[in-house]
Amino acid sequence: MSISTLRRSARETVSGLPPGFWWLWLSTLVNRTGAFVLTFLSLYLTLELGHSAWFAGLVVALHGLGGVAGSPLGGVLTDRWGRRPTMITMHLAAAACAGALAFVTSAWGIATAVLLMGAAMQAVRPPINATIADMVPAHDVRRAYSLNYWALNLGFAIASLGGGAAAFLGYRTLFLVDAVATVLCAVIVFLRLPETRPAPRSGPQAPTESAAEEKVSTLTVLRDAPFRTLVLLNLLVCLVFTAPWIGLPLTMADQGLSASSYGAVIAVNGVVIVGFQLLVNKFTDKRSPVLLLVLSSLLFGLGTGATALAGSSVAFAVTVVVWTVGEMIHVPTNAAATARLAPKHARGRYQGVMGMSWAVAGFVAPILAGAIVDGPGPDVLWAATAAIGVLAAAGYATRLRKALAEDEDVVAAPVPVPGPVPSPAPAPVVVKGGDAEESPVRT
């Protein structure tokens, strides 16, 4: 592939999106560039404060537990307050928690700050995803989610380089930098990002429709059968995706490989995403979401399952490449599918429930992975992740093919027939991606 072809491909990938999206993209990049807390929290707790590794693992798990509550909360606030106020509030709350960690040293204080930080960080995702679905044309939504995910990983890669700075500045200084970056992210949203929440409908039926919209709750969202299936299948994929972050270092250590070897292997994940996400976008553009979800699930299962066969750092790195490609395909496709299935007025709640599946996996998978490695052994863990990946792929292929295909269809208007018309015909419903005009509750 020539340089000119690559340049043309890059231009096509980033062109045609509204200015508001790029301000949101910039806020994501700024926020993740300063994301030092989670990267160095376990080292800070063990090396700086002298806590045990068990306590450090518990605190990291509390961050995920906070996200279980924060995600649906952010979804509800996104639909009630609006996208912009929810983002600003939750960014400032996360900044306050990051700043508190620079000064709080008691075990209870640290645990509380991390728990609340997990809730705030997860609560900001539904308004971000809802804003993208609001402002980007339906045929470009998946591409927009991919670009935003690329910004997230690019920022995280930059933040990871802060490990060297920790030796000179100290962990507390890095946490303060995290707080400042998050505040700056909130400022960008406040100054440059418009509110995109759909305005209440006007007309004779507006009071009835508005009342119906107010009745949509998290429980109502869970009654949407196709979306509930999407959430449960995503939970399975998230369990597979999260397992290597705990099981891989333990497996490599069991084979006598050093911690530095693990660091080099897991760094492949970020390098592949930053280097090849735009090319993957080109491959996935215009393809069936069900096909992509099946493919990503199989890649997750194949990559993690092959870990049981790896015996060197290079082999482990290859397995990481395989499931990382699955990650690059799955994350934006799943977010776009969520936006497609969600009514416009309930996009926040739908994204909140979907985010909860990620948070639950982030809390449960580390515990299960550790228990399996300590018990039956790492080979059982990787066999289980392979089986779950295949199961998820089968679920996408058999349970969601019709639902997602219907959302891609466009119902054409009836052809006018010459002659008198007894009464006005009802206007046709045009279903186009996430902007479909539909009933407040999907059943």
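Residues numbered from 1 in each chain as written. Predicted model: local features only at pLDDT ≥ 70, side-chain atom pairs only at ≥ 80, totals over all residues. Heavy atoms only, no water.

### Re the packing of helix H8 (residues 141-160) against helix H14 (residues 259-284)
The interhelical angle for the contact between H8 and H14, taken along N-to-C directions, is 175°, at an axis separation of 9 Å. Looking at the two axes, H8 sits roughly antiparallel to H14. Each of Arg-142, Ser-146, Leu-147, Tyr-149, Trp-150, Asn-153, Leu-154 and Ala-157 in H8 lies in contact with H14, whose residues at this interface are Ile-273, Val-274, Gln-277, Leu-278, Asn-281 and Thr-284. Residues that form the contact of H8 with H14 fall into these classes: eight nonpolar, five polar and one charged. (Axes fitted to C-alpha atoms, helices over the stretch in contact; angles between N-to-C directions. Helix = DSSP H or I, 4+ residues; strand = E, 2+ residues; numbered from the N terminus. Parallel < 35°, antiparallel > 145°, perpendicular 65-115°, else oblique. Contact = heavy atoms within 4.5 Å. Nonpolar A, V, L, I, M, F, W, Y, C, P; charged D, E, K, R; others polar.)

### A closer look at the side chain of Arg-143
Tracing the backbone through its elements, the reader meets Arg-143 in helix H8. The exposure class of Arg-143 is buried, given its relative accessible area of 13%. One polar contact links Arg-143 to Asp-140, side chain to side chain, over a distance of 3.1 Å. Each residue touching Arg-143, except ones within four places of it in the same chain, is listed here: Glu-12, Thr-13, Val-14, Ser-15 and Leu-17. (Buried < 20%, exposed > 50% of the residue type's maximum accessible area, 1.4 Å probe, protein only. Polar contact = N/O pair within 3.5 Å; in protein donor to acceptor, adjacent residues only side chain to side chain.)

### Observations concerning the pattern of salt bridges
With the rule as written, the count across this model stands at six salt bridges. For Asp-79, the salt bridge goes to Arg-349, with nearest N and O atoms at 3.1 Å. Of this pair, Asp-79 sits in helix H4 (residues 53-80) while Arg-349 sits in helix H17 (residues 347-374); the two residues are 270 residues apart in sequence, bridging distant segments of the chain. Residue classification places Asp-79 among the buried positions, given a relative accessible area of 8%. Between Arg-83 and Asp-134 there is a salt bridge, with the nearest N and O atoms lying 2.6 Å from each other. (Salt bridge = Lys/Arg side-chain N within 4 Å of Asp/Glu carboxyl O.)

### Concerning helix H6 (residues 107-123)
With 17 residues, H6 should cover 24 Å at 1.5 Å per step; its first-to-last C-alpha distance of 24 Å lies within 8% of that length. Where H6 is buried, its residues contact helix H3 (37-48), H4, helix H5 (83-101), helix H7 (125-135), helix H10 (171-192) and H17. (Expected span 1.5 Å × (residues − 1).)

### Digging into the confidence of the model for the protein chain
Per-residue pLDDT for the protein chain has a mean of 84; in total, 84% of the residues score no lower than 70. Put simply, helix H11 (residues 206-214) is where the protein chain has its lowest mean pLDDT, 50, and helix H15 (residues 289-305) is where it has its highest, 97. Below a pLDDT of 50 lies the segment residues 408-443, which in the model reaches 50 contacts outside its immediate sequence neighbourhood of four places, other chains included. (pLDDT = per-residue confidence, 0-100.)

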